[in-house]
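# Close look at the chain arrangement
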Amino acid sequence: MQYDLLIQGGTLVLPGEGLAAGDIAIADGRIAAILAPGSRVSAERTLDASGLHIFPGIVDPHTHIGLGNGLADWGSETRSAALGGVTTLFTYLMSGESYFPVIAENLAAAQREAVIDYGFHLVPCSEVHLAELERYASEFGVTSFKFFTSFRGDEGAYLGITGADDGYLFRYLRAVARLPGGLACVHPENIEVVWQLRRELQEAGRDDLPAWNESRPDFVEAECVSRTMIYAAQVGCPLYLVHFSSAAALREYRAGKERFPGVPFWGETCPHYLTHTSDPALGPLGKVNPPLRSPADTEALWQAIFSGLIDTIGSDHVPRPRARKTGSIWKASAGFPGLATLLPVMLSEGYHQRGLPLDRIAELCATNPARALGVGRRKGCLHVGWDGDLTLVDLAAERTVDSAQLGSFSDYSLYEGWRLRGWPVATIVRGKVVMEEGAVAAEGGWGTYLPRRGE
Ligand SMILES: [Zn+2]
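Residues numbered from 1 in each chain as written. Predicted model: local features only at pLDDT ≥ 70, side-chain atom pairs only at ≥ 80, totals over all residues. Heavy atoms only, no water.

Another point: the overall build of the protein. A tally of regular secondary structure across the protein gives 12 helices and 17 strands. The globule rule puts the C-alpha radius of gyration for 455 residues at 23 Å, and the 21 Å found for the protein is close to it. Summarising its shape, the C-alpha atoms of the protein cover approximately 70 × 45 × 40 Å along the three principal directions. For the protein, the residues scored as buried account for 62% of the 455 residues in total. Considering only intrachain contacts with a sequence separation of at least 6, the fraction spanning at least 24 residues in the protein is 76%. On the protein, the mean spot of the 40 positive side-chain charges and the mean spot of the 53 negative ones are 3 Å from each other. (Helix = DSSP H or I, 4+ residues; strand = E, 2+ residues; numbered from the N terminus. Rg over C-alpha atoms; globule rule 2.2 N^0.38 Å. Buried < 20%, exposed > 50% of the residue type's maximum accessible area, 1.4 Å probe, protein only. Contact = heavy atoms within 4.5 Å. Lys, Arg positive; Asp, Glu negative; His and termini not counted. Charge placed at Lys NZ, Arg CZ, Asp CG, Glu CD.)

Right under this line is the structure:
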């Protein structure tokens, strides 16, 4: 048989199994065979992967495409993803109006510009969204929906989000539970308590990063995790809690999982909570929701990664420029770009610094996000018949992070100047090499949309 692509001489990273030497052959965009090393088969192109590790293509479950440069983000940010070894991303579309036109314009832009595969999560916040929820699933294959408990009142108005209360949260969970394959993603922070603390800090004249972080303490995250799990269990809704940031929230999460064993729960954290704490020197650059916390929280998150309590890593990529991260802490933009550094941070800080096994990194960054989001029968593992999505990694490669090389519309990185060890050297999406040696090698439009059909 003539294959399209043969990757020879590498070490395969197999989630749940460990490492194995093997060659991978791809035909028609799918993994056609996994062969013993030194296979003598013919392929149109052969890549020598000696000394490299072959991960299943990285799946980033949490991005905000569009918050940087509007629809043009589909070009720049999927290129940035490819540079970071990411082969699939899911992004949150946000609007207070019907999502039909929003989906249409994002699909059109992505079909023109994207170099990796992609899916959408929607953010229900208005009556029209609950009324249209079933059609989002049946017509577009969108089965995951996010609710921001922190966007009450006018808090999310700057993103076009209509404020909604706990009654809406409950109705949303009930509606998502009824959808085949439905998944509720929730941002847990009790904003009413935050408002009170924020007022007090502002009245005291505070304007620094720790003030922002003190206005959103761990217990507002923990209490909201607990409340949301109780509601989700009541209506039997699979629940994916985004960006865990504190030991307190993890404690409530563990307790909730024990209390409601029949409900599928997923827990996510982000690289920045594993690497950064509430350091005043970061200034407004370090502003994010939920906020950066203490070294003890960072340690608890690493422990939860090792123990299996945390299932997925999402970048929470926000591609706004550096200029928006200056001035008063109360006005600066929240969030960071992170698509291109997600895998290098996990390799450098996880594998090299802490001995996190490579197959556990593959599970956290590919297998579990794909399963949680309903594409786990074609992405996230090196299996024959599945999509030919691979990330080739050089564990010994050391590079200093330079945001100018990361391809994003945003012109900075939280890791600027960090020396990271372990970098992707090739990114392959459905059998096509879309990144090689730090250069994007695909035309816009190679990426395809991933409808979910209730798997
Ligand atoms: Zn986010």
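That covers the picture; the talk isn't over yet.
Now for the coordination of the zinc ion. Bound to the zinc ion are the protein donor atoms His62 (NE2), His64 (NE2) and Asp316 (OD), situated 2.0 to 2.1 Å from the metal. Ordering the donors of the zinc ion by residue number gives the pattern H-x1-H-x251-D. You can see His62 sitting in strand β6 (residues 58-63) and its partner Asp316 sitting in the loop between β13 (312-313) and α11 (342-354), a full 254 residues away along the chain. Judged on exposure class, the residue His62 and its partner Asp316 are both buried. (Donors = N, O, S within 2.8 Å, 3.2 Å for Na, K, Ca; no water.)

Interfaces are frequently sized by the accessible area removed from exposure as the parts join. What the domain assignment reports for the protein is domain 1 (2-53 + 386-440) and domain 2 (57-372). Domain 1 and domain 2 are separated by 27 Å when their C-alpha centres are compared. Contacts between the two partners involve 42 residues from domain 1, matched on the other side by 49 residues from domain 2. For the pairing of domain 1 and domain 2, the buried interface totals around 3500 Å² over both sides, and the portion due to carbon and sulfur atoms is 68%. Broken down residue by residue, the surface that domain 1 buries against domain 2 is led by Phe409, Tyr412 and Leu414, which jointly contribute 22%. In this structure, the connection of domain 1 to domain 2 is made through 1 salt bridge. Linking Asp117 and Arg430 is a salt bridge whose minimum nitrogen-to-oxygen distance equals 2.7 Å. Across the domain 1-domain 2 interface, the total number found is 13 residue pairs in polar contact (both at pLDDT 80 or more). Of all the elements in the fold, those that place two or more residues in the side of domain 1 that touches domain 2 are β1 (2-14), β2 (18-27), β14 (390-400), β15 (419-429), β16 (432-436) and β17 (439-440). Ranked by the residues each element gives to the side of domain 1 that touches domain 2, the list is headed by β15, at 9 residues. (Domains from an automatic or database assignment. Buried area = accessible area lost by both parts, 1.4 Å probe. Salt bridge = Lys/Arg side-chain N within 4 Å of Asp/Glu carboxyl O. Polar contact = N/O pair within 3.5 Å; in protein donor to acceptor, adjacent residues only side chain to side chain.)

Before going further, it helps to examine the packing of aromatic side chains. To describe a pair of aromatic rings, you give the distance between the ring centres and the angle between the ring planes. By the definition in use, this model includes 16 aromatic pairs. Their ring planes at 20° and their centres at 5.9 Å tell us that Phe147 and Tyr168 sit as a pair that is stacked. Highlighted residues: Phe147 in strand β9 (residues 144-148) and Tyr168 in helix α4 (residues 166-178), separated in sequence by 21 residues. As far as burial versus exposure is concerned, Phe147 and Tyr168 are alike and both buried. Members of the aromatic cluster, joined through ring pairs, are Trp74, Tyr118, Phe120 and Tyr449. Stacked on the ring of Tyr92, the Lys or Arg Lys146 has its end atom at 4.1 Å from the ring centre. (Phe/Tyr/Trp six-rings, centres within 6.5 Å; stacked < 30°, edge-to-face > 60°. Lys NZ or Arg CZ within 6 Å of the ring centre and 35° of its normal.)

This part covers the pairing of β2. Counting buried residues in β2 gives 7 out of 10 residues, a clear majority hidden from the surface. Bridge count between β1 and β2: 8 bridges; the pairing is antiparallel. From the neighbouring strand, Val13 faces β2, where its bridge partner is Leu19. Between β1 and β2, which pair antiparallel one after the other, the connecting turn spans 3 residues, and Gly16 there sits at a positive phi close to 85°. Note: β2 against strand β3 (residues 30-35), 5 bridges, orientation antiparallel. Residue Ile26 lies in a different strand from β3, and its bridge partner there is Ile31. Connecting the antiparallel pair β2 and β3 is a turn made up of 2 residues, with Asp28 showing a positive phi of about 50°. (Pairing = 2+ DSSP bridges.)

What follows is about the packing of α11 against helix α12 (residues 358-372). Between α11 and α12, the least distance of the axes is 11 Å, while the angle of their chain directions is 145°. As for the relative orientation of α11 and α12, their crossing is right-handed in sense. Across the interface between the two elements, Leu342, Leu343, Met346, Leu347 and Tyr351 from α11 touch Leu358, Ile361, Leu364 and Cys365 from α12. Of the residues assigned to the contact of α11 with α12, the class counts are 9 nonpolar, no polar and no charged. (Axes fitted to C-alpha atoms, helices over the stretch in contact; angles between N-to-C directions. Left-handed = near helix turned anticlockwise from the far one by under 90°. Nonpolar A, V, L, I, M, F, W, Y, C, P; charged D, E, K, R; others polar.)

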